[in-house]
Structure formats: C-alpha cells, structure tokens
Amino acid sequence: MCDSCGCGDHELVPVEIQQKILVENDRTAAHNRAHFAEGGVLAINLMGSPGAGKTAVLERTATAFTQRFRLGAITADLATDRDALRLNRAGIPSLAITTGTACHLDARMVHDALHQFPWRDVEYLFIENVGNLVCPAVYDLGQAFNVVALSVTEGEDKPLKYPTMFHKADLVLITKHDLVPHLEVDVAAIEDAIRRVMPDPKVFVVSARTGEGFERWLKWLEARREELLVKPRAHAHLRPHPHVHPS
Ligand SMILES: Nc1nc2c(ncn2[C@@H]2O[C@H](COP(=O)(O)OP(=O)(O)OP(=O)(O)O)[C@@H](O)[C@H]2O)c(=O)[nH]1
Ligand SMILES: [Zn+2]
Ligand SMILES: [Zn+2]
Ligand SMILES: [Zn+2]
C-alpha cells in the first residue's frame, strides 16, 4: 500500500491531504520541467503494468539510438536495481530509484535523482515508472511526454478499465506483438479501446523481441527532439542550486 497516495483509500489518505500532496507535486514537477528545458533534455515518462515490456522497449531502443544520441534513464521499482542494471548493460547510463512502499514515482523522487545523475549530459532522459497502470498517471514528474506500454497479454479491455493512464498518454505502445499467434487476442479491439479513452489517439504496435514497429517509435522520438530544438531554449528562473554530477 502506497503511503502517499493510499491508492485511492480516503480513510488512509484523506482527500484534503491528497490534494495538498498533488499541489506540492505539481510545483516540484514544474521545477523539474524548467531544469529539463534549460538543459535541452527531452524527458519521457514511460508507464505501464508490471511486466508490460517497458525495460525491453528501452533495451531495443538502445541498440538503434546509442550511436546517434546520448541517452539516460531513471528506473523505478519498489525494490531492486535490476532494470537500471539491464539498461546500463544495454548502453544507457541509468540510475535506479527504489520506492519502497510507493507504487508510483513523484516529482520529488525524480528531482532527488537528478542530483545523483549526469542528466545534463543526455539528450533523451527516459523515466521508467513503477509498473502500475493506476497512480503513476496522477503524478506529473516534469516530463515532456507520457508513453504507455500495454502488452498484448493484458487483455483487450484494460484501457477501458484503467482510463486515467490512457487519458494522460501522448503515445501508447502495444507491446509483445510477436506473441499474438500464441494467444487469443484481438489487437484491433485493444486499439479500439485505447481510442475510446485517449483524447488524441496515437498507437504503435511493437515487439522488442523482433524489432517490429521500432522504426515508427524511433521516428516519433526523433520528431519530438526536433520540436524541442526549434523551440527557443527556456531560460528557467530557478533559484540557483547545485545539481551535483557524480564524480
Ligand atoms: N515475447 C516477447 N516477450 C517480451 C517482449 N518484451 C518483453 N518481453 C518479456 O516480458 C517480460 C517483462 O519484460 P520487462 O521489459 O521486464 O517488462 P517491464 O515492463 O520493464 O517490467 P517491470 O519493470 O517489472 O514493470 C520479460 O520476460 C521479457 O523478456 C516482447 O516484445 N516479446
Ligand atoms: Zn532543482
Ligand atoms: Zn522494467
Ligand atoms: Zn501510488
């Protein structure tokens, strides 16, 4: 049970306290966003259920992108730094945040991580959120875009059952498409469910195993970076405070 969000249990975390937490979170998220704008870093919040294939997508992204761009990642799990180790092995310098009991990342955790990670040196910063289809969507981290990984094994109705996540998504990756011949799943029905709950639907079908769909995903990433480059660099009015780089 998450002791900051109470996972919607208003006896554990009363509504007024939850509201206060979210207001404070938004303030810190704006602060993170100013850092990213100032540093010209494209931050992407990658969310989805446990095991949806988030880390696998990033590992595959690394094989095509590390030659061309400087990538970094912050990975969150309740326990262990396994995802960060996987991504470091794949060539993406990564830092693990272990959240303990918290079932989502919040902006403060990301800000604290920035003090331990050379985020100014990267062009893309992937923030792999805790595997959870519910509360991560509620907490702004200061990211430029939200990407949701939803695997073909999760069931066609998940977007309808967990609409908040899809409502906030800029892009949904339907992952593990290579498994479809082994399943009774209708991918068109998954897409249809996503389109019902996503305000501006954008969906790519991918497989980190075969590389299917990765060309579109990588083009999407590149286009987002090009948009960032044509925007005038924000002059963040942040109170100066050091973001110490690891030596
Ligand atoms: N067949 C197949 N398996 C995949 C694919 N992507 C991931 N998997 C498998 O799915 C499992 C979960 O993948 P991860 O990348 O660890 O998923 P995750 O979303 O990062 O998991 P958490 O961080 O624990 O929430 C692993 O056993 C992967 O090998 C894929 O495209 N095809
Ligand atoms: Zn700061
Ligand atoms: Zn992962
Ligand atoms: Zn939570």
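Refer to the structure above for everything that follows.
Residues numbered from 1 in each chain as written. Chains lettered and ligands numbered in written order. Predicted model: local features only at pLDDT ≥ 70, side-chain atom pairs only at ≥ 80, totals over all residues. Heavy atoms only, no water.

Within the protein, the atoms that donate to the zinc ion (ligand 3) are Thr55 (OG1), Asp83 (OD) and Glu128 (OE), at distances of 2.0 to 2.1 Å. Each donor residue of the zinc ion (ligand 3) belongs to the same chain, with the gaps between them written as T-x27-D-x44-E. Taken together, the positions of Thr55 in helix H2 (residues 54-65) and Glu128 in strand E4 (residues 124-128) put the pair 73 residues apart, joining distant regions of the chain. Among the residues examined, Thr55 registers a relative accessible area of 4% and is labelled buried. Note on Glu128: relative accessible area 3%, which makes it buried. (Donors = N, O, S within 2.8 Å, 3.2 Å for Na, K, Ca; no water. Helix = DSSP H or I, 4+ residues; strand = E, 2+ residues; numbered from the N terminus. Buried < 20%, exposed > 50% of the residue type's maximum accessible area, 1.4 Å probe, protein only.)

What follows is about the sheet that holds strand E2 (residues 71-77). The sheet built from seven strands is open, its strands ordered E3-E2-E4-E1-E5-E6-E7 with parallel pairing. Looking along the sheet, the strands with just one partner apiece sit at the ends: strand E3 (94-98) and strand E7 (203-205). In this sheet, neighbouring strand axes are inclined to one another by 20° on average, regardless of whether the strands run parallel or antiparallel. Pairing between strand E5 (residues 145-151) and strand E6 (residues 171-175): five bridges, direction parallel. Paired with Val148 across the strands is Val172, a residue of E6. Lying on the sheet, H2 is in contact with strand E1 (42-48), E2, E4, E5 and E6; it crosses E4 at an angle near 165°. Most of the contacts of helix H4 (residues 107-114) go to E3, to which it runs at about 140°, and overall it touches E2, E3 and E4. (Pairing = 2+ DSSP bridges. Axes fitted to C-alpha atoms, helices over the stretch in contact; angles between N-to-C directions. Contact = heavy atoms within 4.5 Å.)

Lining the immediate surroundings of ligand 1 are 19 residues, of which Lys54, Thr55, Ala56, Arg86 and Asp178 lie closest. Measuring from an oxygen atom of ligand 1, one finds a backbone N or O atom of Ala56 at 2.9 Å. At 2.9 Å from an oxygen atom of ligand 1 is found a side-chain nitrogen or oxygen belonging to Lys176. When contributions to the shell around ligand 1 are tallied by element, the ones reaching two or more residues are H2 and helix H3 (82-90). The greatest single-element share of the shell around ligand 1, amounting to three residues, is contributed by H2. The residue inventory of the shell around ligand 1, partitioned by class, reads five nonpolar, six polar and eight charged. (Near = heavy atom within 4 Å. Polar contact = N/O pair within 3.5 Å; in protein donor to acceptor, adjacent residues only side chain to side chain. Nonpolar A, V, L, I, M, F, W, Y, C, P; charged D, E, K, R; others polar.)

The next thing to look at is helix H7 (residues 187-197). Given 3.6 residues to a turn, an α-helix orients residues that are three or four positions apart in the same direction. Among the residues of H7, Val187, Ile190, Ala193, Ile194 and Val197 are the ones counted as buried. Buried residues of H7 fall within an arc of 120° about the axis and therefore sit on the same side. What points out from H7, more than 90 degrees from its buried face, is the exposed set Ala188 and Arg196. (Arc of directions from axis to C-beta.)

Let us now look at the side chain of Thr61. For Thr61, the position within the fold is in helix H2. Of note is the side chain of Thr61, whose polar atom sits 2.6 Å from the backbone oxygen of Val57.

Moving on, we get to the packing of H2 against helix H8 (residues 214-230). H8 packs onto H2 with a crossing angle of 75° between their chain directions and a minimal axis gap of 11 Å. In terms of orientation, H2 lies roughly perpendicular with respect to H8. Residues Val57, Arg60, Thr61, Ala64 and Phe65 of H2 form the contact with H8, whose participating residues are Phe214, Trp217, Leu218, Leu221 and Glu222. Of the residues contributing to the contact of H2 with H8, the split by class is seven nonpolar, one polar and two charged. (Parallel < 35°, antiparallel > 145°, perpendicular 65-115°, else oblique.)

This paragraph deals with the pattern of salt bridges. Across all of its chains, the model carries 14 salt bridges by this definition. Notably, a salt bridge pairs Arg33 with Asp140, separated by 2.8 Å at the nearest N-O pair. You can see Arg33 sitting in helix H1 (residues 15-39) and its partner Asp140 sitting in the loop between E4 and E5, a full 107 residues away along the chain. Classification of Arg33 as partly exposed rests on a relative accessible area of 33%. (Salt bridge = Lys/Arg side-chain N within 4 Å of Asp/Glu carboxyl O.)

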